[in-house]
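Chain residues, written in single-letter form:
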Amino acid sequence: MTIATISKTRTADFDVLIIGAGISGIGAAYHLATRRPGTSFAVLECRDSIGGTWNLFQYPGIRSDSDMPTFGFGFKPWTHRKSIADGHAIMDYLRETVAENGLAEHIRFGYRVLGAEFSSSNGLWTVTAQRSGTDETEQFTARFLFLGTGYYDHEAGFTPEFTGVEDFEGRVIHPQHWPRDLDYAGKRVIVIGSGATAVTLIPSMAGKTSHITMLQRSPSYVISLPAEDALANTLNKVLGHQRAHRIIRRKNIMVTRGIYKACKRAPKVMRKLLIATVRRQLPAHFDVDTHFTPRYNPWEQRVCMVPNGDLFKAISAGRASVVTDRINRFTKTGILLESGQELAADIIVTATGLTMSPFGKIQLGVDGQPVNVPDTTGYKAMMLSGVPNLVFALGYTNLSWTLRVDLVCEHFCRLLDYMDSHGHGTVEPVLDDPDMERVPLMQLSSGYVQRGIAKFPRAGTSGPWRFQHAYEEDVERLREGPVEDSALRFTAVTPALSVSAQEGTR
């Protein structure tokens, strides 16, 4: 008996319902389609296009902050010459993935999922979704729910409360909602922030603005890497994309993990190296100690990547500048700083961060009881304690997001295979150690993490409850480790309530 056994009395719409058609959702759809061709599934996407983050963000210069051979899927080689790729190239890659694998027929656009309720009596999720632009809702049922919703709120980025913002006579813009009609040619622009978005915007806009200023309260670590990986391009040419892909991917994982581990083991040494690298790329008179010397150790927050040192080139050419100070208030013509200096601006961009939000703000419930997400504990970084038949995808903070997504999707398919072969209908992680310490899923000091991580599930400190951002450990437990686990509670499938793969494609 399998999950896709035909029911004589009741069927679910789908075996698996995937929420989100970004990188995580597309990855899950591919793995199900190729590893389990008899499994019925659909992808619900609230927007009118695939891509998730890469469809939402439209600000100038948007690009990957990880190398694409590892940020791309393990099953589809990245063939573009640029390893640090622009947003439009990433969207092209995702569209190709969908087209090449026949995934478009499974995606339903314009469905914003509001809630999902699991019933133990029939082993089904009932998902309520609102149609875009209407008040109409529609319900779907599925045996499993896969949440590929990312970890931030697509509707609202984070902007602090600035005194006097209503007095400013120019435009104030958050990068998450970039206006298509914005003309910044010849304008004075201030970008508030020092993270990945700010260091992307500054060099991208500097060629058109009259001047652009990065206004930061405190510096971040910034590292310059080649936009093109010469070794990768050579290997692709000599070996072909498929064979080269495995080598390039392994090399990039080793290098990135090596740098991260060095930062954690020898923070003082790596701090000196990172700052010395910045110093070499800026004019001798530039105040690196003030503007590019963070107060924290490397990788306590994400390290910002700038391809080909474009940020440093814009500063060196005099097209961009950096000011490190605190904001007193907005004025009619710009921003007054606590030091007394006033910066003039026509446009102010608040690159001040994301608003973290777990699971697309979907209200989960089990047997009529709402799930309070912070009360749950993550199992193998992919399931929630006390919540049956649910899998989620959250990528790494110190490595390419997609590396973990691929592993989670592989393990999910293995889990379904295991349940089929043993006649199980439901699976639920059960935390049976109430005294185990629970910790945040992300151990970063970044503002957006500190503001939002309390809304998320917690991680444990032992066994499968650990939520380590360590690829090699996840390979061991998700790809190579067994599915069967004492922390998992399986129940048998009820034939009269099994999922019909035939009806799931309707």
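K.L.:
Can you help me understand the overall build of the protein chain in this one?
P.N.:
Each helix and strand in the protein chain was counted, giving 13 helices and 25 strands. Relative to its length of 506 residues, the protein chain is compact, with a C-alpha radius of gyration of 24 Å against a globular reference of 23 Å. Dimensions of the protein chain, computed from the C-alpha atoms along their principal axes, are close to 75 × 55 × 50 Å. Put simply, the protein chain has 506 residues, and 57% of those count as buried. Excluding contacts between residues fewer than 6 apart, the proportion of contacts in the protein chain whose partners are at least 24 apart in sequence is 71%.

K.L.:
Looking at this model, I keep getting lost on the packing of helix α6 (residues 230–239) against helix α7 (residues 241–265). Mind explaining?
P.N.:
Relative placement of two packed helices is described by the angle separating their axes and the distance separating the axes. With their axes 7 Å apart at the nearest point, α6 and α7 run at an angle of 155° to one another. With respect to α7, the axis of α6 lies roughly antiparallel. For the element pair α6 and α7, the recorded crossing hand is right-handed. Taking contact as the criterion, the partners of L231, A232, L235, N236 and L239 in α6 are, on α7, H241, R243, A244, I247, I248 and K251. Among the residues forming the contact of α6 with α7, the class breakdown is seven nonpolar, two polar and two charged.

K.L.:
Please clarify how the confidence of the model for the protein chain should be interpreted in this entry.
P.N.:
Segments scoring low in pLDDT should not have their predicted coordinates read at a detailed level. Per-residue confidence for the protein chain averages 93 on the pLDDT scale, and 95% of its residues sit at or above 70. When the criterion is pLDDT under 50, residues 1–10 qualifies, and its contacts beyond four places in sequence or with other chains add up to 32 contacts. pLDDT under 50 marks residues 495–506. Its contacts with residues more than four places away, or in other chains, come to 45 contacts.

K.L.:
Is there a simple way to explain the pattern of salt bridges in this structure?
P.N.:
Pairing is possible between side chains that carry opposite charge, provided their charged atoms lie close to one another. Taken as a whole, this structure holds 25 salt bridges when the rule is applied. A salt bridge links K76 to E96; the nearest nitrogen and oxygen atoms lie 3.3 Å apart. Placement of the pair is K76 in the loop between α3 (68–71) and α4 (87–100) and E96 in helix α4, with a sequence separation of 20 residues. A salt bridge links K251 to D229; its shortest N-O distance comes to 2.5 Å. Of the two residues, K251 is situated in helix α7 and D229 in the loop between β10 (222–225) and α6; the sequence distance between them amounts to 22 residues. Its relative accessible area of 25% is what places K251 among the partly exposed residues. It is possible to trace a salt-bridge network through shared partners that takes in R112, D153, E155 and K361.

K.L.:
Explain the packing of aromatic side chains here, please?
P.N.:
Any two aromatic rings considered together are summarised by their centre-to-centre distance and by the angle between their planes. All chains considered together, the criterion is met by 24 aromatic pairs. With 6.0 Å between their ring centres and 20° between their planes, F73 and Y93 make a pair best called stacked. Of this pair, F73 sits in the loop between α3 and α4 while Y93 sits in helix α4, placing them 20 residues apart in sequence. Judged by its relative accessible area of 5%, Y93 is buried. Where F359 meets F392, the ring centres are 5.4 Å apart and the plane angle is 55°; that geometry is what we call tilted.

K.L.:
So what exactly am I meant to see when it comes to unusual backbone geometry here?
P.N.:
Excluding glycine, most residues fall at negative phi; most peptide bonds, likewise, are trans. A positive phi angle, near 55°, is found at F359, a position not held by glycine. Here F359 is to be found in the loop between β16 (347–350) and β17 (363–366). Its identity is not glycine, yet K361 carries a phi of approximately 60°, on the positive side. Summarising the element assignment, K361 is placed in the loop between β16 and β17.

K.L.:
What am I meant to see in helix α8 (residues 267–280) here?
P.N.:
Structurally, the α-helix is built with 3.6 residues per turn, so residues lying three or four positions apart point the same way. Relative to the 20 Å expected for 14 residues at 1.5 Å per residue, α8 spans 20 Å between its end C-alpha atoms, a close match to the ideal helical length. Inspection of α8 places M270, L274, I275 and V278 among the buried residues, and these make up the whole buried set. Buried positions in α8, seen along its axis, are confined to an arc of 125° and lie on one side of it. Exposed side chains of α8 directed beyond 90 degrees from the buried face belong to K268, K272 and R280.

K.L.:
Where do I start with helix α11 (residues 401–422) in this structure?
P.N.:
Between the first and last C-alpha of α11 there are 32 Å, a value that for 22 residues agrees with the 32 Å anticipated at 1.5 Å per step. Across the 22 residues of α11, 18 count as buried, placing the element largely inside the fold.

K.L.:
So what exactly am I meant to see when it comes to the nonpolar core here?
P.N.:
For soluble globular proteins, nonpolar side chains are generally found buried alongside one another. The biggest cluster of nonpolar side chains holds 146 residues, and the ones touching the most others in it are L17, L145, F146, Y151, F292 and L364. The element contributing the most residues to this core is α11, with twelve residues. Contact partners of L145, with chain neighbours within four places excluded, come to L17, I19, A116, W125, V127, L364, N389, L390 and V391. One finds I192, I335, L343 and I348 within the second-largest nonpolar core, a separate group that totals twelve residues.

K.L.:
Whenever I open this one, the environment of C304 confuses me. Can you help?
P.N.:
Tracing the sequence through the fold places C304 in strand β11 (residues 304–307). Taking relative accessible area as the criterion, C304 reaches 5% and is therefore assigned buried. Discounting chain neighbours no more than four positions away, the residues touching C304 are S194, G195, A196, V199, S220, Y221, V222 and I223.

K.L.:
I tried to follow the sheet that holds β16 on my own but got confused; where do I start?
P.N.:
Each strand in a sheet pairs with another by means of backbone hydrogen bonds, the pair being arranged parallel or else antiparallel. Read across the sheet, five strands follow the order β7-β16-β8-β9-β12 without closing on themselves; strand pairing throughout is parallel. Two strands lie at the open edges of the sheet, namely β7 (171–173) and β12 (320–324), each paired on one side alone. With strand direction ignored, the average angle separating the axes of adjacent strands in the sheet is 20°. Across the sheet, helix α5 (residues 196–206) lies against β8 (188–192), β9 (211–216), β12 and β16, angled at about 170° from β9, the strand it touches most.

The rules we used
Residues numbered from 1 in each chain as written. Predicted model: local features only at pLDDT ≥ 70, side-chain atom pairs only at ≥ 80, totals over all residues. Heavy atoms only, no water. Helix = DSSP H or I, 4+ residues; strand = E, 2+ residues; numbered from the N terminus. Rg over C-alpha atoms; globule rule 2.2 N^0.38 Å. Buried < 20%, exposed > 50% of the residue type's maximum accessible area, 1.4 Å probe, protein only. Contact = heavy atoms within 4.5 Å. Axes fitted to C-alpha atoms, helices over the stretch in contact; angles between N-to-C directions. Parallel < 35°, antiparallel > 145°, perpendicular 65-115°, else oblique. Left-handed = near helix turned anticlockwise from the far one by under 90°. Nonpolar A, V, L, I, M, F, W, Y, C, P; charged D, E, K, R; others polar. pLDDT = per-residue confidence, 0-100. Salt bridge = Lys/Arg side-chain N within 4 Å of Asp/Glu carboxyl O. Phe/Tyr/Trp six-rings, centres within 6.5 Å; stacked < 30°, edge-to-face > 60°. Expected span 1.5 Å × (residues − 1). Arc of directions from axis to C-beta. Core = buried A, V, L, I, M, F, W, Y, C linked by side-chain atoms within 4.5 Å. Pairing = 2+ DSSP bridges.

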